[in-house]
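Architecture and fold: a report
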Amino acid sequence: MNNSIKIGSTIGIIGGGQLGQMLAQSARQSGMKVIILDPQKDCPAALFADGQIVADYSDEAAIRKLVSKADVLTYEFENVDLNILEKIQNKTLLPQGTHLLKITKDRLNEKNFLKNLGLRTAEFSSINTEKELKNALDEFGYPSYLKTCEGGYDGKNQMQLKSTSDFDKATTILQKGPCILEKKVIFKMECSVMVGRNVDGEVSVFPVSENIHRNQILHESIVPARISEKLQNEAQLIARKIAEALNLCGILGIEMFIGEDDNVYVNELAPRPHNSGHYSIEACNYSQFDIHNRAICNWKMPEIKLLKPVVMVNVLGQHLEKVKALVPHNEEYHFHDYWKTEARVDRKMGHVTILTNDIEKTLNDIEKTNIWD
Ligand code: AMP
């Protein structure tokens, strides 16, 4: 393999939340050094890194400093400053490039990209004015989803329009900038596939994760997803197709719906590790974080094997103390603490991974704890 980054080199990560933390843990385990750039001193990732630059994500001088200390640069979230990355990308090794971010930053670009690839998505329309919204609603009907093109996550900056009476509320979303209207997909399951690809074009595809949300925040991931093998293969093939079309380098999360019509609809792309891939730390031969680091370092990409079925459950601020009290008495719970200083309601504070031969029983046991009511 040409151009592979040597063990002992330094990975610079823009962003120091839990995704950066788990990237750092994986990198250090394989003999790499890590420097984090994040405005919060001792952020979750910095606690596991060799060093931190305390600065804003859009501080160009600080990013240049990171570049001068790192052999390869990456990011843990998609809202990095594209202008700065474009300026510095020749001066350092940014194997992920900026092309992927340009597509995924904007929901309209992303949907058009998927459509041009011949993949199925929700019907969608670009919306900039109330008139365009009205016309699109006349076409799609209710319910439909209005989402800002940029800057939304965990259901933020979007709303479901259930009837004409929601029109006025929707205009507040429209005021935030360009939007997209999506017809509601009638789905029986939400799922996702993580896919990694290295500089040489080798691909690793993870198994399909079934995702259960509560209040639009991921609650549980179940792997393998409880769908037919045919649908699982189809979802994985779609992931590979997207990775190749994007000339992907690094890890990508692909959110999908399995329609009531048994079709796979692609919903969203996340150009980074994804919450629904955390199960892979214990349940697979390589985690999504291992694969991301291997990909950007251009190391050989392995075939991903699921070692055991698994349930991953998120620990939000309101669950944290109860989970911490339970973990010492429950040998099945692999608890990951993100070491965040403030446990706010609905803030992701950690997760628990449970390997199991009986998914239904494990889901019931989780319910019975009454922690996640
Ligand atoms: P997103 O930010 O696009 O991931 O949307 C957040 C959540 O809203 C998804 O996980 C779905 O539960 C729901 N949702 C968004 N768009 C649609 C759609 N077009 N059809 C059905 N459900 C949707």
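Residues numbered from 1 in each chain as written. Predicted model: local features only at pLDDT ≥ 70, side-chain atom pairs only at ≥ 80, totals over all residues. Heavy atoms only, no water.

Side note on the domain arrangement of the protein chain
- Domain assignment breaks the protein chain into domain 1 (10–94), domain 2 (123–183) and domain 3 (187–368).
- On a C-alpha basis, the centroid separation for the pair domain 1 and domain 2 is 35 Å. (Domains from an automatic or database assignment.)

Some points on the packing of helix H6 (residues 130–140) against helix H7 (residues 167–174)
- Interaxial distance between H6 and H7 falls to 11 Å at its minimum, and their mutual angle equals 125°. Between H6 and H7, the crossing angle belongs to the class labelled oblique. The way H6 lies across H7 gives a crossing that is right-handed. Between H6 and H7, the contacting residues are Glu130, Leu133, Lys134 and Leu137 on the first element and Phe167, Ala170, Thr171 and Leu174 on the second.
- Per-class residue counts for the contact of H6 with H7 are 5 nonpolar, 1 polar and 2 charged. (Axes fitted to C-alpha atoms, helices over the stretch in contact; angles between N-to-C directions. Helix = DSSP H or I, 4+ residues; strand = E, 2+ residues; numbered from the N terminus. Parallel < 35°, antiparallel > 145°, perpendicular 65-115°, else oblique. Left-handed = near helix turned anticlockwise from the far one by under 90°. Contact = heavy atoms within 4.5 Å. Nonpolar A, V, L, I, M, F, W, Y, C, P; charged D, E, K, R; others polar.)

Side note on the sheet that holds strand S1 (residues 10–14)
- Here we have 4 strands laid out as an open sheet, ordered S3-S2-S1-S4, and parallel in their pairing. Looking at which strands have only one partner, the edges of the open sheet turn out to be strand S3 (51–54) and strand S4 (72–75). This sheet shows a mean twist of 20° between the axes of neighbouring strands, independent of strand direction.
- Judged from the 5 bridges that link them, S1 and strand S2 (residues 33–38) form a sheet pairing that is parallel. When the sheet's bridge partners are listed, Thr10 is paired in S2 with Lys33.
- Each of S1 and S2 is contacted by helix H1 (residues 18–29), which is oriented at about 175° to S1, the strand it contacts most. (Pairing = 2+ DSSP bridges.)

So, the side chain of Thr148
- Residue position: Thr148 is located in strand S6 (residues 144–148).
- There is a polar contact of 2.9 Å between the side chain of Thr148 and the backbone oxygen of Glu150.
- The contact partners of Thr148, leaving out residues within four places of it in the chain, are Arg107, Asn157, Ile173, Lys176, Pro178 and Cys179. (Polar contact = N/O pair within 3.5 Å; in protein donor to acceptor, adjacent residues only side chain to side chain.)

A short note on the packing of aromatic side chains
- Inspection of every chain in the model, using the stated rule, returns 2 aromatic pairs.
- Ring centres of Tyr57 and Phe77 lie 4.7 Å apart, and the angle between their planes is 65°; on these two criteria the pair is classed as edge-to-face. In this pair, Tyr57 sits in the loop between S3 and helix H2 (60–69) while Phe77 sits in the loop between S4 and helix H3 (82–88), placing the two residues 20 residues apart along the sequence.
- Pairing Phe187 with Phe257 gives two aromatic rings, centres 4.8 Å apart and planes at 0°, and the pair type is stacked. With a gap of 70 residues between them, Phe187 in strand S9 (residues 187–197) and Phe257 in strand S13 (residues 250–259) connect regions that are remote in the sequence.
- Residue classification places Phe187 among the partly exposed residues on the basis of a relative accessible area of 32%.
- Judged by relative accessible area, which is 11%, Phe257 ranks as buried.
- Here the guanidinium or amino end of Lys147 rests over the ring plane of Tyr145, the centre of that ring lying 5.9 Å away. (Phe/Tyr/Trp six-rings, centres within 6.5 Å; stacked < 30°, edge-to-face > 60°. Buried < 20%, exposed > 50% of the residue type's maximum accessible area, 1.4 Å probe, protein only. Lys NZ or Arg CZ within 6 Å of the ring centre and 35° of its normal.)

Some thoughts on the environment of Gln318
- Counting through the fold element by element, Gln318 comes out in the loop between strand S15 (310–316) and helix H11 (320–326).
- In this structure Gln318 comes out as partly exposed when scored by relative accessible area, which is 35%.
- The sequence separation of Gln318 and Asp346 amounts to 28 residues, and the corresponding C-alpha distance is 6.8 Å.
- Those residues in contact with Gln318 that lie beyond four places of it in its chain are Arg344, Val345 and Asp346.
- A distance of 2.7 Å separates the side chain of Gln318 from the backbone nitrogen of Asp346, its partner in a polar contact.

Comments concerning the side chain of Asn293
- Structurally, Asn293 can be placed in helix H10 (residues 288–296).
- Non-local contacts of Asn293, meaning those with residues more than four positions away in its chain, are made with Ile11, Leu23, Ser26 and Ala27.

A short note on the pattern of salt bridges
- If you walk through the whole model with that rule in mind, you get 22 salt bridges.
- Taking the shortest distance from any N to any O, the salt bridge between Glu78 and Arg272 comes out at 2.5 Å. With Glu78 in the loop between S4 and H3 and Arg272 in the loop between strand S14 (264–270) and helix H9 (280–283), this residue pair connects regions lying 194 residues apart in the sequence.
- Assessed through its relative accessible area of 17%, Glu78 is described here as buried.
- A residue is classified by how much of its surface remains accessible, and Arg272, at 16% relative accessible area, is buried.
- In this structure, Arg214 and Glu367 form a salt bridge, with 3.1 Å as the shortest nitrogen-oxygen distance. Here Glu367 lies in helix H12 (residues 359–368) and Arg214 lies in strand S11 (residues 209–214), a separation of 153 residues in the sequence.
- On the accessibility criterion, Arg214 (33% relative accessible area) is partly exposed. (Salt bridge = Lys/Arg side-chain N within 4 Å of Asp/Glu carboxyl O.)

Let's talk about the site of the ligand
- Taken together, 17 residues are adjacent to the ligand, and Lys147, Gln158, Val185, Glu190 and Glu268 come closest.
- Within the backbone of Val185, an N or O atom sits 2.8 Å from a nitrogen atom of the ligand.
- At 3.2 Å, a side-chain N or O of Asn267 approaches an oxygen atom of the ligand.
- Contact with the protein chains removes 92% of the 470 Å² of surface that the ligand exposes when unbound.
- Of all the elements in the fold, those that place two or more residues in the shell around the ligand are S6, strand S8 (179–183), S9, S13 and S14.
- When we break the shell around the ligand down by domain, the ones giving at least three residues each are domain 2 (123–183) and domain 3 (187–368). (Near = heavy atom within 4 Å. Areas by Shrake-Rupley, 256 points an atom, 1.4 Å probe, with all protein chains shown as cover.)

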